[in-house]
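Results of the structural survey
Chain by chain, the residues run as shown.
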Amino acid sequence: MSEVKLAADVRSSFGKGAARSIRRENKVPGVIYGHGTEPVHVTLPGHDLLLALRTPNVLLSLDLDGKTELAIPKAVQRDAIKGYLVHVDLLLVKKGEKVTVEVAVETEGDLAPGSFLVENVLNTLSVETEATHIPTSVTVSIEGLEAGAAILAKDIALPSGTTLATDPEAVVIQILAAQAEEPAADAEAEGAEA
């Protein structure tokens with residue numbers, strides 16, 4: 001889990017025009033909320049925030065008016081065409097606090113010899129973990145698996161201090177037999193006979 005430090009400025013101007021003005025300065029408007037506090041509208045450095053958000057479930061250490069707040073991204077809005085950040089919602093967290101987040105599922109190993117396919121039914125798992133120790137991903141071994149094999153959420157080893165929030169019986173990965181296509185020559189011969 002990586003912690004990224006960012007400087008956040010409280011903003012008092014709202015609306016579409018104010019947001020556009022903020023973005024022209026290469027900054028991103030955002031809102032920090034949580035713990036029963038009033039939402040705080042902030043401006044964050046655009047490039048630094050973009051780099052920080054490349055890490056899934058990044059923990060942000062925000063310097064806000066001389067006070068340090070810990071937050072995780074809750075919702076990130078991007079421009080659909082150009083991809084720049086439009087707005088970000090941040091959730092306040094505290095050390096030791098449990099949060100529910102989505103964690104990427106990665107596979108490792110080789111399937112048994114033959115024509116088999118790996119189907120990722122779930123690309124992420126919902127887990128509950130301490131806010132300062134969020135895993136970036138979980139790894140599942142598919143070594144030697146054959147068609148018909150399935151890996152359920154409960155079968156995946158999670159890091160210590162992390163518990164599963166997804167349905168334990170949910171299929172995460174299944175192995176399928178590859179479908180063989182008819183050769184093109186046979187299909188043409190059948191068409192000529194008809």
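Residues numbered from 1 in each chain as written. Predicted model: local features only at pLDDT ≥ 70, side-chain atom pairs only at ≥ 80, totals over all residues. Heavy atoms only, no water.

1. A closer look at the overall build of the chain
The following threshold applies: Comment: elements are numbered from the N terminus, with helices defined as DSSP H or I runs of at least four residues and strands as E runs of at least two. Our radius of gyration looks at C-alpha atoms and nothing else; its globule reference is 2.2 Å times the residue count to the power 0.38. Between buried and exposed lies partly exposed: a residue is buried under 20% and exposed over 50% of the maximum accessible area for its type, with that area taken using a 1.4 Å probe on protein chains only. Contact between two residues is taken to exist if any of their heavy atoms lie within 4.5 Å; hydrogens are not considered. All accessible areas in this document rest on Shrake-Rupley with a 1.4 Å probe, and a residue is counted as covered only by the protein chains that are shown. We count Lys and Arg on the positive side and Asp and Glu on the negative side, and we leave His and both chain ends out. One atom stands in for each charge, and that atom is NZ of Lys, CZ of Arg, CG of Asp or CD of Glu.
Within the chain, the secondary structure is distributed over three helices and 13 strands. Relative to the 2.2 N^0.38 estimate, which gives 16 Å for 194 residues, the radius of gyration of the chain is 23 Å and therefore markedly larger than a compact globule would have. For the chain, the spread of C-alpha atoms along the principal axes amounts to about 80 × 45 × 25 Å. Counting the 194 residues in the chain, one finds 32% classified as buried. Taking the contacts inside the chain whose residues are at least 6 apart along the sequence as the reference set, 64% of them involve residues at least 24 apart. Of the accessible surface of the chain, which amounts to about 11,500 Å², a share of 49% is contributed by carbon and sulfur atoms. A gap of 19 Å separates the mean positions of the 16 positive and 29 negative side-chain charges of the chain.

2. Here's the deal with the side chain of T166
Formally: Counting of polar contacts relies on pairs of N or O atoms within 3.5 Å, with two restrictions inside protein: one atom must be capable of donating a hydrogen and the other of accepting it, and residues adjacent in sequence are counted only when both atoms are side-chain atoms.
Along the polypeptide, T166 turns up in the loop between β12 (163-164) and β13 (171-177). A residue is classified by how much of its surface remains accessible, and T166, at 17% relative accessible area, is buried. Here the side chain of T166 touches S126 through a polar contact of 2.8 Å, landing on its backbone nitrogen.

3. Observations regarding the pattern of salt bridges
It is possible for side chains bearing opposite charge to pair when their charged atoms get close. Selection criterion: Salt bridge criterion: a side-chain nitrogen from Lys or Arg within 4 Å of a carboxyl oxygen from Asp or Glu.
Overall, the coordinates contain three salt bridges when judged by the stated rule. As a salt-bridge pair, E169 and K154 come within 2.9 Å of each other at their nearest N and O atoms. With a gap of 15 residues between them, E169 in the loop between β12 and β13 and K154 in the loop between β11 (150-152) and β12 connect regions that are remote in the sequence. Residue K154 is classed as partly exposed on the basis of its relative accessible area, which comes to 46%.

4. So, the pairing of strand β1 (residues 3-10)
To be explicit about the condition: Pairing between two strands is assigned when DSSP locates at least 2 bridges connecting them.
Bridging between β1 and strand β4 (residues 59-64) involves six bridges; their strand directions are parallel. Its bridge partner being in β4, E3 is matched across the sheet by L59. Direction of pairing for β1 relative to strand β3 (residues 37-45): antiparallel, over a ladder of two bridges. Following the sheet pairing, V10 is matched in β3 by V42.

5. A look at the nonpolar core
Proteins that are soluble and globular tend to have nonpolar side chains buried together. Spelled out, the test is: Definition of nonpolar core: a set of buried residues of the types Ala, Val, Leu, Ile, Met, Phe, Trp, Tyr and Cys, connected through side-chain atoms within 4.5 Å.
I72, L125 and I173 are the most contacted members of the largest nonpolar core, which totals 22 residues. Taken together, the elements giving at least two residues each to this core come down to β5 (67-78), β6 (85-93), β7 (98-108), β9 (124-130), β10 (137-141) and β13. No other element matches the four residues that β7 contributes to this core. Ignoring sequence-local partners within four residues, the contact set of I173 consists of V105, T107, V118, E119, N120, V140, I142, A149, A150 and I151.

6. Considerations on the environment of L85
In this fold, L85 is placed in strand β6. Among the residues examined, L85 registers a relative accessible area of 7% and is labelled buried. Placed 39 residues apart in sequence, L85 and G46 show a C-alpha to C-alpha distance of 7.3 Å.

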